[in-house]
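# Geometric and topological summary
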Amino acid sequence: MELELETLAASMGVSVPVLRFLLCFVATIPVSFLWRVVPGRLAKHVYSAFTGALFSHLAFGYSSNLIFLVPMLLGYAAMALYRPKCGIITFFLAMGYLIACHVYYMSGDAWKEGGIDATGALMVLTLKVISCAINYNDGLLKEEDLRDAQKKYRLINFPSLIEYFGYCLCCGSHFAGPVFEMKDYLDWTEGKGIWAHSGKAPSPYGATFRALVQAAFCMAIYLYLVPYHPLSRFSEPIYQEWGFWRKLSYQYMSGFTARWKYYFIWSISEAAIIISGLGFSGWTESSPPKPKWDRAKNVDILGVELAKSSVVLPLVWNIQVSTWLRHYVYERLITKGKKPGFFQLLATQTVSAVWHGLYPGYMLFFVQSALMIAGSRVIYRWQQATNMALLKKALVFMNFGYTVLILSYSAVGFLVLNLHESLALYGSVYYIGTILPIALILLGYIIPAKPSRSKARKEE
């Protein structure tokens, strides 16, 4: 069997661990489908936990489940022993454990070299464990003091151990997300809420097929582009010989190429979540109504590639993690009665960077992202403040170009990870992606956006 895997891996140009992971990852689709025919709530929880643990063992080895068990038990113990503070306790314990694993395994280096380990799945598990504890903590609070998301997802009752394990290891999302809430998992398993179908249940097959076609297309694009835009080119003498625009365009193409790999992974996850039924998120208002599967969606490809503003990127890229960060970091740092500012944005991006790993490239990318979004907001405010159609269109195009430029520049750190190499590549294009956002932020104070006359009249 191992010899056959080595032969197949060699023919595909990947390592055996990566091939083993991909086979298990794709197998989550039929396994998620079979969940639909498992009878009874208890059996469904057992099936979710067992299949997740089995695929972890097959993909990463027996030690992976021991690695996953630590944050799961820490979170469950915090909920059982000290509910009033279990959310914050679990946040620091689970995130601290993830950081320790990142440092120990140095997974970023393995991923760059085509390897794979369990830390990617641990990242998803960490978010689930934290959100479950925080929502159980929120169950003690007065409803009038809660935001809409807190009211929707808070847990009044303590989940049983098998419910908790089923939620944490549910194999359709265990490897690469998307992250979802314990409340949704319980409603889905028990046939409550939007899953309480009085008539015919929505068919997932068309949406699953579309996700699989998208996955195949994304992988084809990635395999076509990657030989022409390898990351190794950045360290070759030829890169240093290129001029400013050639270097900038190569930075764009390297990021563009890498994104298709993520599109492929998330499309497979989407297919698995949809076919299980968990991805269902309600019905459209059209006639006749059609089922929506937004709960499974982790990326809007056209939304990323044609983003008119940096502000919308968290809404279209790694969507469920961005939603998690908004609910459990950004919104909880806002003082009641005050508006959020750059601090909340920077703190959220820092948590995101630490969650990805302690590589300097991640830190640089997410700090850059905070600057990128702040600069984009300045352009948007100018855009909203003008009544001149031509100037408004020019500012829209300016914001689009700014987003493409700064994202391509910033993503270099995320791709190469190393501090020296990241700074050298930023310096090779004169730090334009750092200087431009800062300049825009300062200009926002010098040239403040005033409300347009039509808007002022409406306010009057």
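Refer to the structure printed above.
Here goes a summary of the coordinates provided. As the structure is a computational prediction, the values presented were derived from the model and not from experiment.

Conventions and cut-offs
- Residues numbered from 1 in each chain as written.
- Predicted model: local features only at pLDDT ≥ 70, side-chain atom pairs only at ≥ 80, totals over all residues.
- Heavy atoms only, no water.
- Helix = DSSP H or I, 4+ residues; strand = E, 2+ residues; numbered from the N terminus.
- Rg over C-alpha atoms; globule rule 2.2 N^0.38 Å.
- Buried < 20%, exposed > 50% of the residue type's maximum accessible area, 1.4 Å probe, protein only.
- Contact = heavy atoms within 4.5 Å.
- Areas by Shrake-Rupley, 256 points an atom, 1.4 Å probe, with all protein chains shown as cover.
- Expected span 1.5 Å × (residues − 1).
- Axes fitted to C-alpha atoms, helices over the stretch in contact; angles between N-to-C directions.
- Parallel < 35°, antiparallel > 145°, perpendicular 65-115°, else oblique.
- Left-handed = near helix turned anticlockwise from the far one by under 90°.
- Nonpolar A, V, L, I, M, F, W, Y, C, P; charged D, E, K, R; others polar.

Right, let's get into the overall build of the chain. If you tally the helices and strands in the chain, you get 23 helices and two strands. The C-alpha radius of gyration of the chain comes to 23 Å, within 12% of the 23 Å expected for a compact globule of 460 residues. With the C-alpha coordinates of the chain rotated into their principal frame, the extents come out at 65 × 60 × 50 Å. Residues classed as buried in the chain amount to 51% of the 460 residues present. Taking the contacts inside the chain whose residues are at least 6 apart along the sequence as the reference set, 71% of them involve residues at least 24 apart. Per element, the accessible surface of the chain, about 22,400 Å² overall, is 67% carbon and sulfur.

Attention now moves to the environment of valine 226. Residue placement: valine 226 occurs in the loop between helix H12 (205–225) and helix H13 (237–241). Distance from valine 226 to methionine 253, taken between C-alpha atoms, is 9.6 Å for residues 27 residues apart in sequence.

Moving on to helix H4 (residues 63–81). When the terminal C-alpha atoms of H4 are compared, their 27 Å separation across 19 residues agrees well with the 27 Å that a helix rising 1.5 Å per residue should span. Considered for burial, the residues of H4 that qualify are Ser64, Ile67, Phe68, Pro71, Met72, Gly75, Tyr76, Ala78 and Met79.

Below, the discussion takes up unusual backbone geometry. Residue proline 178 is bonded to the preceding glycine 177 through a cis peptide linkage, with omega at 5°. Along the chain, the position of proline 178 falls in the loop between helix H10 (171–174) and helix H11 (182–190). With an omega of -5°, the peptide bond running from serine 287 to proline 288 counts as cis. If you trace the backbone, proline 288 turns up in the loop between strand S1 (282–283) and strand S2 (291–292). Even without being a glycine, leucine 417 presents a positive backbone phi close to 70°. Turning to its location among the elements, leucine 417 is positioned in the loop between helix H20 (389–416) and helix H21 (419–428). The exposure class of leucine 417 is buried, given its relative accessible area of 3%. Look at tyrosine 431: it is not a glycine, yet its phi comes out positive at around 55°. Here tyrosine 431 is to be found in the loop between H21 and helix H22 (432–446). In this structure tyrosine 431 comes out as partly exposed when scored by relative accessible area, which is 37%.

Angle between the axes and distance between the axes: these two values describe a pair of packed helices. Two elements in contact, H20 and H22, have axes separated by 9 Å at closest approach and are oriented at 140°. Put simply, H20 runs oblique to H22. Seen along the crossing, H20 lies across H22 with a hand that is left-handed. The residues of H22 that touch H20, namely those facing Met398, Tyr402, Leu405, Ile406 and Tyr409, are Ile432, Gly433, Thr434, Leu436, Pro437 and Leu440.

A separate point is the packing of H12 against helix H14 (residues 244–276). In the contact formed by H12 and H14, the axes pass within 8 Å of each other and the chain directions differ by 155°. With respect to their mutual orientation, H12 and H14 come out roughly antiparallel. For the element pair H12 and H14, the recorded crossing hand is left-handed. The residue makeup of the contact of H12 with H14, split by class, is 20 nonpolar, four polar and two charged.

Structural measurements only, silent on function.
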